[in-house]
Amino acid sequence: MTDPIENFIELMGMTYQVDGAPRIAGRIFGLLLVEDEPYALQDIATRLQVSKASASTNARFLAERGVIRLTSKPGIRQDFYELVPDVYRQMALKVSARMMQVSNQIAEVHEAIPSEQSIARDRIANLAECYRLASETAIDWSDRLPPSK
């Protein structure tokens with residue numbers, strides 16, 4: 001019989017990989033979602049059967065994206081990682097910020113296109129609006145999420 005927790009961790013790895021992120025990063029995220037305590041890098045590596053260097057690289061990747069953070073335990077000289085507080089809201093806010101950034105970049109390009117190229121201008125303006133609305137939707141989504149524990 002297969003362990004549902006291990007299946008979930010693997011599912012998160014596959015999900016991240018399909019989305020273009022490292023599979024190990026997804027597995028680390030899945031592991032930290034199901035564990036109650038911060039995890040040391042060596043413990044992450046051992047549990048996921050990856051090298052400590054790979055665990056470190058992918059933990060930093062997740063930390064840069066704002067879903068986990070580096071922490072410590074008193075009297076222990078190792079680095080530990082844990083989920084950030086309210087992780088789902090933070091994820092939605094990151095999506096919103098990225099969508100707004102893209103919208104603004106597209107809008108800048110739109111302004112540089114000559115008015116004679118009206119079809120291109122209209123399509124590009126609509127694309128900027130699409131990203132802006134996606135950003136607003138992500139904000140609404142974040143407001144509707146229950147606080148994560």
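The text that follows walks through the structure, step by step, so that each part is easy to find.

Each value, and the rule that gives it
- Residues numbered from 1 in each chain as written.
- Predicted model: local features only at pLDDT ≥ 70, side-chain atom pairs only at ≥ 80, totals over all residues.
- Heavy atoms only, no water.
- Phe/Tyr/Trp six-rings, centres within 6.5 Å; stacked < 30°, edge-to-face > 60°.
- Helix = DSSP H or I, 4+ residues; strand = E, 2+ residues; numbered from the N terminus.
- Buried < 20%, exposed > 50% of the residue type's maximum accessible area, 1.4 Å probe, protein only.
- Salt bridge = Lys/Arg side-chain N within 4 Å of Asp/Glu carboxyl O.

1. Remarks on the packing of aromatic side chains
In the structure shown here, the tally under the stated rule is one aromatic pair. Relative to F29, the ring of Y16 has its centre 5.8 Å away and its plane inclined at 35°; by these criteria the two rings are tilted. Remark: F29 occurs in helix α2 (residues 23-34) and Y16 occurs in helix α1 (residues 4-18); sequence separation between them is 13 residues. Residue classification places F29 among the buried residues on the basis of a relative accessible area of 3%.

2. Details of the pattern of salt bridges
Taken as a whole, this structure holds nine salt bridges when the rule is applied. Between R47 and E35 there is a salt bridge, with the nearest N and O atoms lying 2.8 Å from each other. Of this pair, R47 sits in helix α3 (residues 41-48) while E35 sits in the loop between α2 and β1 (39-40), placing them twelve residues apart in sequence. Among the ionic pairs, R89 bridges to D143, the shortest N-O distance being 3.1 Å. You can see R89 sitting in helix α5 (residues 87-112) and its partner D143 sitting in helix α6 (residues 118-144), a full 54 residues away along the chain. Exposure remark for R89: the relative accessible area of 26% places this residue in the partly exposed category. A single network of salt bridges, built from pairs that share partners, joins E6, E35 and R47.

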